[in-house]
Amino acid sequence: MNVRLHWFLPTGGDGRTLVDRHAYADGGIGRERITPVSGVRAPDIEYLAQIAKAAEQLGFEAVLTPTGTWCEDAWLTTAALSQHTERLKFLVAFRPGVISPVLAAQMAATYQRITRGRLLLNVVTGGDSTEQRRFGDHVDHDRRYARTAEFLSVVRGAWSGRPFDFDGAHYQVEGGLTALPPDPLPDIFFGGSSAAAGPVAAAHADVYLTWGEPPAAVKEKTDWIRGLAEEQGRTVRFGIRLHTISRDSSREAWATADRLLGDLDAGTIAAAQQALGRSESVGQQRMLALHGGSRDELEISPNLWAGVGLVRGGAGTALVGSHAEVADRIEEYHALGVEHFVLSGYPHLEEAYWFGEGVTPELAARGLLSTVPASPLLGVPAAHGRPASAPGGAPLLVAGGR
């Protein structure tokens, strides 16, 4: 089992700070409690295409695109970006409760054809009733997971190529059919830390995706899901969602983390924690428990920093360190059975290069990657005693400029 690397598309905006255009403080209705920041990058197609092209060039297999009120629609955005890339896959997040499962099956099939097989699906059941109600969904937390199980049963039935009937508590389908099933069938990524989520993952997920907790906690989760899957005669693969701050030295990496933390004032953190604390998501509550809303003791495990989660919902931890140290941590999670690493960083364009040019070669040297992206400078002759990596003597990247 090799490491499989994925990046992230910030379709809600990007920038050089943890405080972006997302309004965490008051549910996103007003902005008066958000500290104004500079350097915010709008999620227009030109900028997102830069990130997607960089991810493809750097050897990432796919990019995760989020879903929700405060970001662009994942299906439409990634379909557009597929026309700017050649090999990159798109891990499209969507909420099963707000779309017909047969329509979703048809959309996935169409997507596979127009992208020539570059779709992966991230099923987001939803842990925030306020967010769900914005989309007209009034089903409670546990019943949302029961509905997701039915949804995925219908999707797979519709992909069978034969008329499919289903009579459940949430869906009743007669002759559900995708006339031309997707080829290949897209892998289904699924996350959830609650008792209601585990059996759904075990029965329906191809890849169970967890947020970045310390290795012992991740092992506990994967053992739980693996056991539930074995009871059903299934095998589930595992992935982890993390941010990264990787630099040429550990000192540089932690200095970057400290700078990100320095941008946060106490009021912004308190407001974010108050809003995030209302989430019904068990995974979100586990993220909050890692730091308790305090700036102290944020390195919760070697090179695992919980500072992101002070203001960001969802994935709230980052791998911080030298390229070798970040590779060490990835290797540690990989030894627990984690195959897919869905990564991101602020800003996403620059951090993709820091990781791709620093950590990816480390992982390749350890034999953890099946393929390594070829350098665009391979075959460029050295000039005047200079290495081929700097043709004509011009540095590719100026120190401190990326």
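For clarity, every value in this text was computed on a predicted model and none was experimentally measured.

(A) Inspection of helix H9 (residues 266-276) at higher detail. Of the residues making up H9, those classed as buried are Thr-268, Ile-269, Ala-271, Ala-272, Gln-273, Ala-275 and Leu-276. Where the residues of H9 are buried, they touch helix H10 (282-289). Where H9 begins, the side chain of Asp-265 points an oxygen toward the backbone nitrogen of Gly-267, at a separation of 3.1 Å.

(B) Geometry of the pattern of salt bridges. This structure, assessed with the given rule, holds 18 salt bridges. A salt bridge links Arg-226 to Asp-223; the shortest N-O distance between them is 3.1 Å. Of this pair, Arg-226 and Asp-223 are both found in helix H7 (residues 215-231), 3 residues apart, which corresponds to roughly one turn of the helix. The salt bridge involving Arg-366 is made with Glu-362; its shortest N-O contact spans 3.4 Å. What emerges from the salt-bridge pattern is a single network uniting Arg-4, Glu-61, Lys-89 and Glu-339.

(C) Quick look at the nonpolar core. In this structure, Leu-5, Ile-330, Tyr-333, Phe-341, Phe-355 and Leu-363 are the most contacted members of the largest nonpolar core, which totals 73 residues. For Phe-355, the residues in contact, after removing those within four places along its chain, are Leu-5, Phe-60, Thr-244, Val-326, Ile-330, Leu-343, Thr-360 and Leu-363. Of all hydrophobic cores here, the second largest spans 19 residues; its members include Leu-18, Ala-253, Leu-298 and Val-311.

(D) Molecular detail of the confidence of the model for the chain. Of all residues in the chain, 87% attain a pLDDT of 70 or more, and the chain-wide mean is 87. Considering only residues more than four positions removed or in separate chains, one finds that residues 21-36, a stretch of pLDDT under 50, has 36 contacts. The model gives residues 377-402 a pLDDT under 50, and that stretch makes 19 contacts with residues more than four places away or in other chains.

(E) How the structure looks around the packing of helix H5 (residues 141-158) against helix H6 (residues 197-204). The contact between H5 and H6 brings their axes to 9 Å, and the two run at 10°. In this view, H5 runs roughly parallel relative to H6, as classed from their interaxial angle. Contact residues: H5 offers Tyr-145, Thr-148, Ala-149, Leu-152, Ser-153 and Arg-156, while H6 offers Ala-197, Val-200 and His-204.

(F) Structural view of H5. Spanning 18 residues, H5 covers 26 Å between terminal C-alpha atoms, matching the ideal 26 Å at 1.5 Å per step. Counting buried positions over the 18 residues of H5 gives 13, a clear majority of the element.

(G) Structural detail: the packing of aromatic side chains. Enumeration over the complete set of coordinates arrives at 9 aromatic pairs. Seen from their ring centres, Tyr-145 and Phe-190 are 6.1 Å apart, and the 80° between their planes marks the pair as edge-to-face. Remark: Phe-190 occurs in strand E7 (residues 188-190) and Tyr-145 occurs in helix H5; sequence separation between them is 45 residues. Each member of the pair, Tyr-145 together with Phe-190, is buried. An angle of 25° between the planes, with centres 6.3 Å apart, marks the rings of Phe-164 and Phe-166 as stacked. Through a chain of ring-to-ring contacts, three or more aromatic side chains come together here, namely Trp-75, Phe-94, Tyr-111, Phe-151 and Tyr-171.

(H) Region of the structure containing the environment of Leu-103. Mapping Leu-103 onto the fold places it in helix H3 (residues 101-115). For the pair Leu-103 and Gly-176, spaced 73 residues apart in the sequence, the C-alpha separation amounts to 9.4 Å.

(I) Layout of unusual backbone geometry. Of note, the bond from Asp-183 into Pro-184 is cis; its omega dihedral lies within 30 degrees of zero at 0°. Tracing the chain through its elements places Pro-184 in the loop between strand E6 (172-176) and E7. Cis peptide bonds are those with omega within 30 degrees of zero, and the linkage from Tyr-346 to Pro-347 qualifies with -10°. A positive phi is found at Asn-303, a non-glycine position, where the angle reads about 65°. Considering the arrangement of structural elements, one finds Asn-303 in the loop between strand E10 (299-301) and strand E11 (304-305).

Rules and cut-offs
- Residues numbered from 1 in each chain as written.
- Predicted model: local features only at pLDDT ≥ 70, side-chain atom pairs only at ≥ 80, totals over all residues.
- Heavy atoms only, no water.
- Buried < 20%, exposed > 50% of the residue type's maximum accessible area, 1.4 Å probe, protein only.
- Helix = DSSP H or I, 4+ residues; strand = E, 2+ residues; numbered from the N terminus.
- Contact = heavy atoms within 4.5 Å.
- Polar contact = N/O pair within 3.5 Å; in protein donor to acceptor, adjacent residues only side chain to side chain.
- Salt bridge = Lys/Arg side-chain N within 4 Å of Asp/Glu carboxyl O.
- Core = buried A, V, L, I, M, F, W, Y, C linked by side-chain atoms within 4.5 Å.
- pLDDT = per-residue confidence, 0-100.
- Axes fitted to C-alpha atoms, helices over the stretch in contact; angles between N-to-C directions.
- Parallel < 35°, antiparallel > 145°, perpendicular 65-115°, else oblique.
- Expected span 1.5 Å × (residues − 1).
- Phe/Tyr/Trp six-rings, centres within 6.5 Å; stacked < 30°, edge-to-face > 60°.

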